[in-house]
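One letter stands for each residue in the lines below.
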Amino acid sequence: MSLNHAQAEAVAHKEGPCMVLAGPGSGKTLTIAKRIEYLIRKYKVRPEEILVITFTKYAAWEMKNRTRSICGPSSYAVTFGTFHGIYYGILKWAYRLNQSNLLSDEEKYRILREILPGIDWDQEPEADEEKDYLQELAIEIGNVKNNCMDIEEYEPVKYTTEKFRKLYRTYEETKKKYRKIDFEDMLIQCRDLFMKRPDILKKWQEKFQYILVDEFQDVNQAQYDVVRMLAAPQDNLFVVGDDDQSVYGFRGADTKLMLGFPNEFPGTRLVYLNTNYRCSSAIVESACRIIK
């Protein structure tokens, strides 16, 4: 499989931070897979020192299969996973967690349903709207954690500030009583663990010497903080994304984190993948005329 000049430049990047701005259909999956191959075969990096992170299980599975089809058995020890899956794995190792400690959506809604009346909540939903309402409330709670906010400083979007803060604190206390963690806890508790235990952080830094992140435009503050700590001190962080394709705003995704990456990591190599291989030239040219 031949690479264009920009893809080859990204693939051959050796050490330090690199940000690849990849437009739609520009071959970013191939670029990531070929870079892994290059790290292993050209730079003799041990596969178990490479971590590849993306947002969905399917994307991680696709990336793993693509890499294995290119690299073969030499890539089998590379770690592929989602942000939540990788961070939860670290928490499992540190705290001996298991499946019983994970809070399901239904359990989350049940807790919220139970505590709402005790807070003198003045926005209780109608019965036919309850599930949607609880989902929205859970998203707002998740945003506090995804954005690494102190609840005492957080201003809710839809709800009365003091009542929402009381609801949040009660939810956290109830969850802790049941020894449960929710989806967002996988991020924020991993962040807290690394900040409180530099010895544990060092262990994982030594394990993962090279980190590749796909769909970087969709990271939120908690995800970003953890991956930044993991990559230190070498900062062998290779991120790929397109700030025009962010889809996880409801989970706190902040494209400013991607746009500020070169400032956060001085000396970042910037590579632009701007050749569209997904569409014919006629479609691309027509789209450009419409945009213009």
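One structure accompanies this document, and this report is about it. Since the structure is predicted, the reported quantities are computational estimates derived from the model, not experimental observations.

Rules of the game
Residues numbered from 1 in each chain as written. Predicted model: local features only at pLDDT ≥ 70, side-chain atom pairs only at ≥ 80, totals over all residues. Heavy atoms only, no water. Helix = DSSP H or I, 4+ residues; strand = E, 2+ residues; numbered from the N terminus. Rg over C-alpha atoms; globule rule 2.2 N^0.38 Å. Buried < 20%, exposed > 50% of the residue type's maximum accessible area, 1.4 Å probe, protein only. Contact = heavy atoms within 4.5 Å. Areas by Shrake-Rupley, 256 points an atom, 1.4 Å probe, with all protein chains shown as cover. Lys, Arg positive; Asp, Glu negative; His and termini not counted. Charge placed at Lys NZ, Arg CZ, Asp CG, Glu CD. Axes fitted to C-alpha atoms, helices over the stretch in contact; angles between N-to-C directions. Parallel < 35°, antiparallel > 145°, perpendicular 65-115°, else oblique. Left-handed = near helix turned anticlockwise from the far one by under 90°. Nonpolar A, V, L, I, M, F, W, Y, C, P; charged D, E, K, R; others polar. Salt bridge = Lys/Arg side-chain N within 4 Å of Asp/Glu carboxyl O. Core = buried A, V, L, I, M, F, W, Y, C linked by side-chain atoms within 4.5 Å. Expected span 1.5 Å × (residues − 1). Phe/Tyr/Trp six-rings, centres within 6.5 Å; stacked < 30°, edge-to-face > 60°. Lys NZ or Arg CZ within 6 Å of the ring centre and 35° of its normal.

**Things to note about the overall build of the chain**
- For the chain, the helix and strand inventory stands at 13 helices and six strands.
- A compact globule built from 292 residues should have a C-alpha radius of gyration of about 19 Å, and the chain, at 21 Å, falls within 12% of that.
- Taking the principal axes of the C-alpha coordinates as reference, the chain spans close to 65 × 50 × 35 Å.
- Buried positions account for 49% of the 292 residues belonging to the chain.
- For the chain, contacts bridging at least 24 residues in sequence account for 78% of all contacts bridging at least 6.
- Summing over all exposed atoms, the chain offers an accessible surface of approximately 15000 Å²; the carbon and sulfur share of this is 50%.
- Looking at the chain, you have 42 positive and 44 negative side-chain charges, and the mean spots of the two groups are 9 Å apart.

**Quick look at the packing of helix H4 (residues 83-95) against helix H8 (residues 185-196)**
- The contact between H4 and H8 brings their axes to 9 Å, and the two run at 55°. Classified by the interaxial angle, the pair formed by H4 and H8 is oblique. The two elements H4 and H8 meet at a crossing, and its hand is left-handed. Contacts between H4 and H8 involve Phe83, His84, Tyr87, Tyr88, Ile90, Leu91, Ala94 and Tyr95 on the former and, on the latter, Asp185, Met186, Leu187, Gln189, Cys190, Leu193 and Phe194.
- Each residue belonging to the contact of H4 with H8 can be placed in one class, and the counts come to twelve nonpolar, two polar and one charged.

**Topic: the pattern of salt bridges**
- The full count for this structure, using the stated rule, is 25 salt bridges.
- A salt bridge links Glu215 to Lys28; its shortest N-O distance comes to 3.1 Å. Separated by 187 residues along the polypeptide, Glu215 in the loop between strand S4 (210-213) and helix H10 (221-231) and Lys28 in helix H2 (residues 28-41) bring together distant segments of the chain.
- Of the charged contacts in the structure, one is a salt bridge between Glu136 and Lys158, with a shortest N-O distance of 3.0 Å. Remark: Lys158 occurs in the loop between helix H6 (130-146) and helix H7 (161-177) and Glu136 occurs in helix H6; sequence separation between them is 22 residues.
- Exposure remark for Lys158: the relative accessible area of 52% places this residue in the exposed category.

**Focus on the nonpolar core**
- Among the nonpolar cores identified, the biggest contains 39 residues, and Phe194, Ile211 and Leu237 are the most heavily contacted of them.
- Top contributing element to this core by residue count: H10, with seven residues.
- If we skip the residues at most four places from it in the chain, Leu237 touches Gly16, Pro17, Cys18, Ile211, Val213, Val227, Ala231, Phe261 and Phe265.
- Listed in part, the 21 residues of the second largest apolar core include Ala6, Ala22, Val45 and Met63.

**Description of H7**
- Taking 1.5 Å as the rise per residue, H7 with 17 residues should run 24 Å; its terminal C-alpha atoms sit 24 Å apart, in good agreement.
- Buried within H7 are the following residues: Phe164, Arg165, Leu167, Tyr168, Tyr171, Thr174 and Lys175.
- Where H7 is buried, its residues meet helix H5 (105-115), H6 and H8.
- Downstream of H7 by one or two residues, Arg179 has phi in the positive range, about 55°.

**Topic: the packing of aromatic side chains**
- This model, assessed by the stated rule, comprises twelve aromatic pairs.
- On the basis of an interplanar angle of 90° and a centroid distance of 5.8 Å, the ring pair of Trp93 and Trp204 is categorised as edge-to-face. A residue pair is termed long-range when its members are at least 10 positions apart, and Trp93 in helix H4 and Trp204 in helix H9 (residues 198-207) qualify at 111 residues.
- Ring centres of Tyr159 and Phe164 lie 5.9 Å apart, and the angle between their planes is 10°; on these two criteria the pair is classed as stacked. In this structure, Tyr159 and Phe164 share a single accessibility class: buried.
- Aromatic ring contacts, followed pair by pair, group Tyr133, Tyr154, Tyr159 and Phe164 into a single cluster.
- For the cation-ring pair, Lys203 lies above Trp204, with the distance from its terminal atom to the ring centre recorded as 5.7 Å.

**A few points about the side chain of Glu49**
- Structurally, Glu49 is set in the loop between H2 and strand S2 (50-54).
- What Glu49 contacts, discounting residues up to four positions off in sequence, is Lys207, Phe208, Gln209 and Tyr210.

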